[in-house]
Amino acid sequence: DFPHLLTGIQFIRVADGGADEALKASIAAATKDAVTQNEIAQADAEVSWQINESRSEYDGIPGFAITVPKIVLTSSKYSGVSEIAGHINGRMIEFGMNARTGALNPQPDFFNLMQDKWRRTNTFDAVFETATVVGRVFSAKFSMHWYSAGAAHPVHSPQTFNYLLEPVCQLATAESLFGSNDDALNTLQLCVEEGLIETLYSSGATESDVKWIREGTKDWSDFKHFSLTSEGISIQFSSYQVCCYASGMPAALVPFEKVRAYFTEPVLHAL
């Protein structure tokens, strides 16, 4: 029996033998499949994306180690995709810049060069996860990981970007999809609550579990990490927002049929 949160995760039993080769074969197959699916998705969307990473380090007290992805977008159909890439890359660079500021304030009372390097290094890694095009809306999803030197553990947050491709406009908030409609917010809250309970709790959520979810989803601003998929709106949450740290960054899918009636006319037509 496996914990509920690991349901659906593939595994290999080491005791059965041949685990190393089986693992390599599985990774190779998954990688090949991912590349193929990515190529199909880009061809269907008539938008292509490529990711280049940039890394910077500084050995100080504290130092930093920063990894930031930069996206390259091209399209023969949508002329404004380079602006979208520039906007996303600017935000990524801003995150990286902010992560370096600790080096401006040396703390010799806490850190010294005799410590293990990781203990005195502020680390920030932004990781590209996926991109999708639904209708004329482009979505890109990243995961952000911070480790403050000397901390017990890192913290994690999603970061999403959504744009209308023609004309190029950012859909900066979930609220912008619905024009501040209270019925839309209530529907999002109910769908997300049901989805999170199903994902996180196999034997039923306690009263305190539900309270935590509701506290983390009470305002429009709590739904800021959203992206569009072919099935609906995927909403992801940061560490501690709706559940304990060990549960990571859970996500819930709100099917389009649940909220289609609340979309603004421009968004509805774009989708």
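Residues numbered from 1 in each chain as written. Predicted model: local features only at pLDDT ≥ 70, side-chain atom pairs only at ≥ 80, totals over all residues. Heavy atoms only, no water.

### So, the overall build of the chain
In step 1: Across its full length, the chain carries 7 helices and 9 strands.
In step 2: Residue burial in the chain is summarised as follows: out of 271 residues, 38% are buried.
In step 3: Total accessible area on the chain stands at roughly 15200 Å², and carbon and sulfur atoms take up 53% of it.
In step 4: Charge centroids of the chain, computed over 19 positive and 32 negative side chains, lie 5 Å from each other. (Helix = DSSP H or I, 4+ residues; strand = E, 2+ residues; numbered from the N terminus. Buried < 20%, exposed > 50% of the residue type's maximum accessible area, 1.4 Å probe, protein only. Areas by Shrake-Rupley, 256 points an atom, 1.4 Å probe, with all protein chains shown as cover. Lys, Arg positive; Asp, Glu negative; His and termini not counted. Charge placed at Lys NZ, Arg CZ, Asp CG, Glu CD.)

### Observations concerning the sheet that holds strand S7 (residues 226-228)
In step 1: Taken in spatial order, the 3 strands of this open sheet run S7-S8-S9, and their pairing is antiparallel. Among the strands making up the open sheet, the edge pair consists of S7 and strand S9 (251-255). With direction set aside, neighbouring strand axes in the sheet form an average angle of 25°.
In step 2: Taken together, the 5 bridges between strand S8 (residues 232-236) and S9 define a ladder with antiparallel strand orientation. Bridging across to S9, Gln 236 finds its partner in Ala 251.
In step 3: Sitting on the sheet, helix H4 (residues 182-200) is in contact with S8 and S9, with an inclination near 130° to S9. (Pairing = 2+ DSSP bridges. Axes fitted to C-alpha atoms, helices over the stretch in contact; angles between N-to-C directions. Contact = heavy atoms within 4.5 Å.)

### Some thoughts on a nonpolar patch on the surface
In step 1: A surface patch of nonpolar side chains, amounting to about 420 Å² of accessible area, comprises Phe 2, Leu 6, Ile 9 and Phe 11.
In step 2: For Leu 6, the position within the fold is in the segment before helix H1 (19-45). (Patch = residues over 30% accessible without salt bridge, like charges linked within 9 Å, V, L, I, M, F, W, Y side chains within 5 Å. Salt bridge = Lys/Arg side-chain N within 4 Å of Asp/Glu carboxyl O.)

### Thoughts on the packing of aromatic side chains
In step 1: Under the counting rule described, the total for this entry stands at 14 aromatic pairs.
In step 2: Where Phe 110 meets Phe 111, the ring centres are 6.5 Å apart and the plane angle is 50°; that geometry is what we call tilted.
In step 3: Overall, Phe 111 belongs to the buried group, its relative accessible area being 10%.
In step 4: Centroid distance Tyr 240 to Tyr 245: 5.6 Å. Interplanar angle 35°. Geometry classified as tilted.
In step 5: Grouped by ring-pair contacts, the aromatic residues Phe 178, Trp 220, Phe 256 and Phe 263 constitute a single cluster. (Phe/Tyr/Trp six-rings, centres within 6.5 Å; stacked < 30°, edge-to-face > 60°.)

### Brief notes about the state of the cysteines
In step 1: This model, assessed by the stated rule, comprises 0 disulfides.
In step 2: Cysteine Cys 243 remains unbridged, with the sulfur of Cys 244 as its closest cysteine sulfur at 5.6 Å.
In step 3: On the accessibility criterion, Cys 243 (0% relative accessible area) is buried. (Disulfide = S-S within 2.5 Å.)

### Thoughts on the packing of H4 against helix H5 (residues 207-215)
In step 1: Where H4 meets H5, the axes come as close as 10 Å, and the angle between the chain directions of the two elements is 135°. Of the possible angle classes, the one that applies to H4 and H5 is oblique. Once H4 is placed against H5, the crossing between them reads as right-handed. The residues of H5 that touch H4, namely those facing Glu 193, Leu 196 and Ile 197, are Val 210, Ile 213 and Arg 214.
In step 2: Across the contact of H4 with H5, the residue classes break down as 4 nonpolar, no polar and 2 charged. (Parallel < 35°, antiparallel > 145°, perpendicular 65-115°, else oblique. Left-handed = near helix turned anticlockwise from the far one by under 90°. Nonpolar A, V, L, I, M, F, W, Y, C, P; charged D, E, K, R; others polar.)

### Regarding the pairing of strand S1 (residues 48-58)
Strand residues, when the strand is regular, have side chains that alternate between the two faces of the sheet.
In step 1: Pairing between S1 and strand S2 (residues 63-74): 11 bridges, direction antiparallel. Bridging across to S2, Arg 55 finds its partner in Thr 67.
In step 2: Hairpin connection from S1 to S2: 4 residues lie between these consecutive antiparallel strands.

### Considerations on H1
In step 1: Here H1 contains 27 residues, and its C-alpha end-to-end distance of 38 Å stays within 8% of the 39 Å for a straight helix at 1.5 Å per residue.
In step 2: Buried within H1 are the following residues: Ala 19, Gln 42 and Ala 45.
In step 3: Considering only its buried residues, H1 is in contact with S1 and strand S3 (121-134).
In step 4: Directly after H1, the chain includes Glu 46, whose backbone phi takes a positive value near 60°. (Expected span 1.5 Å × (residues − 1).)

### Notes on the pairing of strand S5 (residues 155-165)
In step 1: Burial of S5 is extensive: 9 of the 11 residues sit out of reach of the surface.
In step 2: Here 10 bridges tie strand S4 (residues 137-147) to S5, and the two strands are oriented antiparallel to one another. Paired with His 145 across the bridge in S5 is His 156.
In step 3: One ladder, built from 3 bridges, connects S5 with strand S6 (residues 168-170); its direction is antiparallel. Each residue of the ladder has a partner; that of Leu 165, found in S6, is Val 168.
In step 4: Taken together, S5 and the strand that follows it, S6, pair antiparallel across an intervening segment of 2 residues.

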